[in-house]
Amino acid sequence: MGRIGLRDGRLTRRDLLWLSASLTAGAALSACGGDVGDRGTSSTELQYMYWGSAFEKRGIESMLTKFSQSHKGIGVNPIHVPGDYETKVNTLVASNDLPDVAYMGAATAYRLAEQGKLLNLHDHINKYPLLKERSPGSYFYWGKDKNLGTHASNQIILLWYNKAILSEAGIEKPPAEASKAWSLEQLVDIADQLTLDDEGRHPSESGFRRERVRQFGLSVPITHWYPLVLSNGGDIVDKTGMKYTLNSPEAVKVLQDIQDLIYKHRVAPSPAQLGGGDTGSNAPTTTVQLQTKRVAMAVDGHWTLLDMAQSDVDYGIGVLPSYQEPITQQNRTPRIIAANTENLDEAFELYVFAMNPEYVDLYSKGLWMPVDEKYFTDPASIAKWVNDDVHPPEFKTAAIDYLRNNSVPGFAERLKNVTAINEVLVPALQEIETGKRPAKVILDELEGKMQPRLQGWYPTTES
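Quick caveat: nothing in here was measured; it's all calculated off a predicted structure.

### Side note on the sheet that holds strand E2 (residues 74-80)
Here comes step 1: The mixed open sheet is built from six strands, whose spatial order is E2-E1-E3-E12-E5-E4. Lying at the two open borders of the sheet, with one neighbouring strand each, are E2 and strand E4 (139-143). Recorded for the sheet is a direction-independent mean angle of 25° between the axes of neighbouring strands.
Here comes step 2: The pairing of strand E3 (residues 101-103) with strand E12 (residues 334-337) spans three bridges and is antiparallel. Within the sheet, the bridge partner assigned to Val101 lies in E12 and is Ile337.

The following block contains the structure:
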């Protein structure tokens, strides 16, 4: 799936690119995708709507072909929406024509579930082992015994690096185990050694020219602030979800540290220095940054593995720096079934099939990690999606163990009214990234805008 914020559940820069693309909202469904399966012999026809790149599109259509081949009599119409997905959803809701199965941003899914537009999966879970055996935190509840769906993939935030750059500089690789995570001070020291101006000077050396940096040691987009704030004992709101806490000392320290990496320590690029404008929304991908040696290390999501594996970068992954405890963030988006589907059993068959790594190559190619427990605990099941040509040797500890033992869902996947919250939160975070004012000043001002918008948390599975 760098990035700015979280798409409903994770407003990322990638999402802003997707969601800023122009798409005619009222386009007919038939214009969005082709049929999978033989319509002439299909007694049941389903619709499957999704977003994603051209690569993801190929992976989904391959999966749908396998589904129709193994489920005779069921045809599937794939609806690929590469941009302005929410507008498309709203248009279909207005015409009471939601697809049988679809990707959905978390905030949109909660809204539609509350309106009765999405199927409540709670009473159906026991019937399908692939739904019952999901890893903890996989379910999206909007009330007691009200489950709108599960996510289809796990994504976490990692520290990526170019092995050749570190080797040439004689620098140790970032830790691949949560218990050995670097402190911020260690990270700054390493990043200083990897940052070079056009004459080879480091930021800590006299004469270093910040305007002439040819290689930065580190890239940390403000996007990925949340797990670092949690690591330091802070959060965006309190446990009730009704009190703003992003201006707590614990949170302010982390967001000021991110700003200081750019403007005080000078080891990380500003959005403008990455070539992405004031917000960095058009910056090169992490893969390109590492490939061109513009940066030596970068904080970004697991989804980066898809592009990285197809590049010529000798890459590695490590865990994020840690404050009080090592934490990374899970990024999740739900998959839903329309409440008015006329083919409930067939829709459930497609729903679980589309999340099975044995039928979807987007797991083995690096875009996704599975959600079922056995794919993280059973060696034979792990071997069905972990690919030695894609997943680096340290993947077990740096990704699988890190996900299972040290990950927390993103706030926007559980916080109510998050669309309105992001309207004021994202600009504030972007301002911190510009370095024009201290983080505390901006976060104190944000309280008056955020507090009236808070409506609490959605429940967890256990609620």
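The discussion continues.
### A word on the pattern of salt bridges
Here comes step 1: Following the criterion strictly, the structure yields 20 salt bridges and no others.
Here comes step 2: Glu423 is paired through a salt bridge with Arg453; the nearest N and O atoms lie 3.4 Å apart. Placement of Glu423 in helix H16 (residues 418-434) and of Arg453 in the segment after helix H17 (439-450) is noted, with a sequence separation of 30 residues between them.
Here comes step 3: Note on Arg453: relative accessible area 25%, which makes it partly exposed.
Here comes step 4: Three or more residues joined by partner-sharing salt bridges are found here, namely Asp197, Asp198, Glu199, Arg201, Arg209 and Arg212.

### A short note on the pairing of strand E11 (residues 328-331)
Here comes step 1: Across two bridges, the pairing between strand E6 (residues 155-162) and E11 is antiparallel. In the sheet register, Gln155 faces E11, and the bridge partner there is Asn331.

### Comments concerning the packing of aromatic side chains
Here comes step 1: For the structure on display, the rule yields 18 aromatic pairs.
Here comes step 2: Consider the rings of Trp225 and Tyr226, whose centres lie 5.3 Å apart with planes at 80°: the pair is edge-to-face.
Here comes step 3: One aromatic cluster is present, formed by Tyr48, Tyr50, Trp51, Tyr85 and Tyr103 through successive ring pairs.
Here comes step 4: Its end group placed over the ring of Phe140, Arg332 keeps NZ or CZ at 4.4 Å from the ring centre.

### Side note on unusual backbone geometry
Here comes step 1: If you check the backbone angles, Asp145 has positive phi at about 60° while not being a glycine.
Here comes step 2: Examined against the element boundaries, Asp145 turns out to sit in the loop between E4 and strand E5 (146-151).
Here comes step 3: The partly exposed category is assigned to Asp145, whose relative accessible area is 39%.
Here comes step 4: Phi angles above zero are rare outside glycine, and Asn417 is one such case at about 60°.
Here comes step 5: Here Asn417 is to be found in the loop between strand E13 (407-409) and H16.
Here comes step 6: Assessed through its relative accessible area of 27%, Asn417 is described here as partly exposed.

What counts and how
- Every residue gets a number counted from 1 within its own chain, in the order that chain's sequence is written.
- In keeping with the model being predicted, local features are shown solely for residues with a pLDDT of at least 70 and side-chain atom pairs are shown and tallied solely at 80 or more, while totals for entire chains, interfaces and linings include all residues.
- No hydrogens and no water enter the side-chain calculation; it runs on all heavy atoms of the structure.
- Strands qualify as paired when DSSP identifies two bridges or more between them.
- Every helix listed is a DSSP run of H or I at least four residues long, and every strand listed is a run of E at least two residues long, numbered separately from the N terminus.
- Angles here are taken between N-to-C directions and fall from 0 to 180 degrees, while the axes themselves are lines fitted to C-alpha atoms, restricted in helices to the stretch in contact.
- For this analysis, a salt bridge means a side-chain nitrogen from Lys or Arg found within 4 Å of a carboxyl oxygen belonging to Asp or Glu.
- Each residue is placed in one exposure class: buried if its accessible area under a 1.4 Å probe, protein chains only, is under 20% of its type's maximum, exposed if it is over 50%, and partly exposed if it falls in between.
- Any two rings among Phe, Tyr and Trp, with Trp reduced to its six-membered ring, count as a pair given centres within 6.5 Å; such a pair is stacked if its planes are under 30 degrees apart, edge-to-face if over 60, and tilted if neither.
- The rule for a charge over a ring is simple: NZ of Lys or CZ of Arg within 6 Å of the ring centre, and within 35 degrees of the ring normal.

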